[in-house]
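If you want the building blocks of each chain, they are given just below.
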Amino acid sequence: MKIQIYTMQSVEEALKVASLGVDHLGITPSNIGLPGEVNFSTAREIVDTVGSSAVCVALTVESDIQAIVKMVQAVQPDILHLCGLESNFPPEEICKLRDFIPDIPIMQVVSVASPKALEEAMSYQEVADYLILDTQAADIAGIGASGETHDWNISRRIVEQMEIPVILAGGLSPDNVAEAIHIVQPWAVDSLTHTNHFLPGGGFYKDLKKIEQFVKAAKADPAP
């Protein structure tokens, strides 16, 4: 079971999280007020320093191809995570994007709000390298960071139909990740909100103890 943890805000934090057995480190290079966002320079420093210790995944909520390309060229992530709002970046746009960044694998988000998510997931089957199933928050300009779970039975149906790796996200914590894996059988699991230590007045940093517990619980499940 692969583990993906969002979001790294410094080189030191990224290295500590990677040392706990985390496979994918999520980074949010942005300046629009997304949770845990960092500037392009910090994101690139994280990618360069982490090196082969973990896979660095850079998130964007942009729908403008040139804005996405600019971020990817500045940060040089291992994987690009597209998590704009539903229908903001349809499959045909991913095909256009690949012309500019042909060597960067693409992780596409799908909001699991109803059984219709299965149809949307299938539409990305041929154009994305990874699919991430998440829960949409009403106050965030992208899909994710809600801290809430969704219907894992729908996610299980998506996993059964997809031929590319599927990552389960949305409200996962050390307390429920094993159950989620048992039900959904994803390729990987992702956590942001429930592995954070929140600061008074806003902001957060990663809670290393919670991450350690999350990894242990996820790895203990017999799922592949």
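Only a predicted model underlies this, so the values are computations on that prediction, with no experimental measurement involved. Think of each chain on its own: its residues are numbered from 1, step by step along the sequence as written. Selection of residues for local features in this predicted model requires a pLDDT of at least 70, selection of side-chain atom pairs for listing and counting requires 80 or more, and totals for whole chains, interfaces and linings are taken over all residues. Values reported for side chains reflect all heavy atoms of the structure, with hydrogen atoms and water molecules removed beforehand.

Undergrad: So what's going on with the overall build of the chain? Residues and values would help.
TA: Strands here mean DSSP runs of E at least two residues long; helices mean DSSP runs of H or I at least four residues long; both are numbered from the N terminus. Within the chain one finds 8 helices and 10 strands. Each principal axis of the C-alpha atoms in the chain carries an extent, and together these give about 40 × 40 × 35 Å. Out of the 224 residues in the chain, the part that is buried amounts to 54%. Note on contacts: a residue pair qualifies if any of its non-hydrogen atoms lie within 4.5 Å across the two residues. When contacts within the chain are restricted to residue pairs at least 6 apart in sequence, long-range pairs at least 24 apart make up 62% of them. Surface accessibility follows the Shrake-Rupley procedure with a 1.4 Å probe radius. Residue values consider only the protein chains on display as shielding. Surface exposure of the chain reaches about 9900 Å², of which carbon and sulfur atoms provide 48%. The chain carries 14 positive and 30 negative side-chain charges, and their two centres are separated by 5 Å. The classification of residues rests on relative accessible area computed with a 1.4 Å probe and restricted to protein chains. Under 20% of the type maximum is buried, over 50% is exposed, and intermediate values are partly exposed. Charge counting treats Lys and Arg as positive and Asp and Glu as negative, with His and both chain ends excluded. A single reference atom marks each charge: NZ on Lys, CZ on Arg, CG on Asp, CD on Glu.

Undergrad: Go over the environment of Val 50 with me, naming the residues and quoting the values.
TA: Turning to its location among the elements, Val 50 is positioned in helix H2 (residues 40-50). With a relative accessible area of 3%, Val 50 lands in the buried category. Between the C-alpha atom of Val 50 and that of Val 11, which follows or precedes it by 39 residues, the distance is 7.7 Å. Ignoring sequence-local partners within four residues, the contact set of Val 50 consists of Ala 14, Leu 15, Leu 25 and Cys 56.

Undergrad: Go over the side chain of Ser 191 with me, naming the residues and quoting the values.
TA: As for its placement among the helices and strands, Ser 191 is situated in strand S8 (residues 188-191). Taking relative accessible area as the criterion, Ser 191 reaches 1% and is therefore assigned buried. When sequence neighbours within four positions are dropped, the list of residues in contact with Ser 191 reads Gln 4, Ile 5, Tyr 6, Leu 172, Lys 206 and Phe 214.

Undergrad: Tell me about the pattern of salt bridges, residues and numbers included.
TA: Whenever a carboxyl oxygen of Asp or Glu lies within 4 Å of a side-chain nitrogen of Lys or Arg, that contact is scored as a salt bridge. Enumeration over the complete set of coordinates arrives at 5 salt bridges. With its nearest N and O atoms 3.7 Å apart, the salt bridge here joins Lys 219 to Asp 23. Highlighted residues: Lys 219 in helix H8 (residues 208-220) and Asp 23 in the loop between helix H1 (11-18) and strand S2 (24-27), separated in sequence by 196 residues. In this structure, the salt-bridge partner of Arg 98 is Asp 129, at a minimum N-O distance of 2.6 Å. You can see Arg 98 sitting in helix H4 (residues 91-98) and its partner Asp 129 sitting in the loop between helix H5 (116-123) and strand S6 (130-134), a full 31 residues away along the chain.

Undergrad: Please give an account of the sheet that holds strand S7 (residues 166-168) that cites residues and values.
TA: For two strands to pair, DSSP has to find at least two bridges joining them. With parallel pairing, the 8 strands of this closed barrel are ordered in space as S1-S2-S3-S4-S5-S6-S7-S8. Pairs of neighbouring strands in the sheet enclose a mean axial angle of 25°, with direction left out of account. Pairing of strand S1 (residues 2-5) with S2, which is carried by 2 bridges, proceeds in the parallel orientation. Residue pairing for S2: Ile 5 is matched across the bridge by Leu 25. Fitted lines through C-alpha atoms serve as axes, helices being fitted only where they are in contact, and the angles separating the N-to-C directions of these axes extend from 0 to 180 degrees.

Undergrad: Quick rundown of the packing of helix H6 (residues 152-161) against helix H7 (residues 177-184)? Include the residues and the values.
TA: Across the interface, H6 lies against H7 with an axial gap of 8 Å and an inter-helix angle of 45°. As summarised for this structure, H6 and H7 are arranged oblique, according to the angle between their axes. Across the interface between the two elements, Trp 152, Asn 153, Ser 155, Arg 156 and Val 159 of H6 pack against Glu 179, Ala 180, His 182, Ile 183 and Val 184 of H7. Each residue belonging to the contact of H6 with H7 can be placed in one class, and the counts come to 5 nonpolar, 3 polar and 2 charged. What sets the label is the angle itself: under 35 degrees gives roughly parallel, over 145 gives roughly antiparallel, 65 to 115 gives roughly perpendicular, and the rest give oblique. Here the term charged refers only to Asp, Glu, Lys and Arg, the term nonpolar to Ala, Val, Leu, Ile, Met, Phe, Trp, Tyr, Cys and Pro, and the term polar to all other amino acids, Gly among them.

Undergrad: Give me the pairing of S1: which residues, what numbers.
TA: A regular strand carries its side chains on alternate faces of the sheet. Looking at chain direction, S1 and S8 are connected through 4 bridges and run parallel. Within S8, the residue paired with Gln 4 across the bridge is Asp 190. Assignment of crossover handedness uses the view with strands pointing away from the viewer, where a clockwise path from the first strand over the helix to the second indicates a right-handed crossover. Taken together, S1, H1 and S2 constitute a β-α-β crossover, and its handedness is right-handed.

Undergrad: Before we move on, can you summarise the side chain of Thr 60 with the specific residues and values?
TA: Relative to the assigned elements, Thr 60 resides in strand S3 (residues 55-60). In terms of polar contacts, Thr 60 uses its side chain to reach the backbone amide nitrogen of Glu 62, at 3.1 Å. Ignoring anything within four residues of it in the chain, the contact list for Thr 60 reads Ile 68, Met 71, Leu 80, His 81, Leu 82, Cys 83 and Gly 84. We define a polar contact as two N or O atoms separated by no more than 3.5 Å, with the added condition that, inside protein, one atom must be a possible hydrogen donor and the other a possible acceptor, whereas residues neighbouring each other in sequence contribute only through side-chain atom pairs.

Undergrad: Help me get a handle on H4, residues and values and all.
TA: Within H4, burial applies to Pro 91, Glu 93, Ile 94 and Leu 97. Looking straight down H4, one finds its buried side chains confined to an arc of 155°; they lie on one side. Tucked inside the fold, the buried residues of H4 contact helix H3 (65-75), strand S4 (79-82), strand S5 (106-111) and H5. Regarding the arc, it is the one traced by the directions from the helix axis to the C-beta atoms.

Undergrad: Requested: an account of unusual backbone geometry, with residues and values cited.
TA: Each neighbour pair has its own omega, and for Tyr 6 with Thr 7 the value is -10°, a cis peptide bond. In this structure, Thr 7 sits in the loop between S1 and H1. Positive phi, normally seen in glycine, also occurs at Gln 76, with a value near 60°. The class of Gln 76 is partly exposed, set by a relative accessible area of 40%. We note that Gln 185 has phi near 60°; this positive angle belongs to a residue other than glycine.

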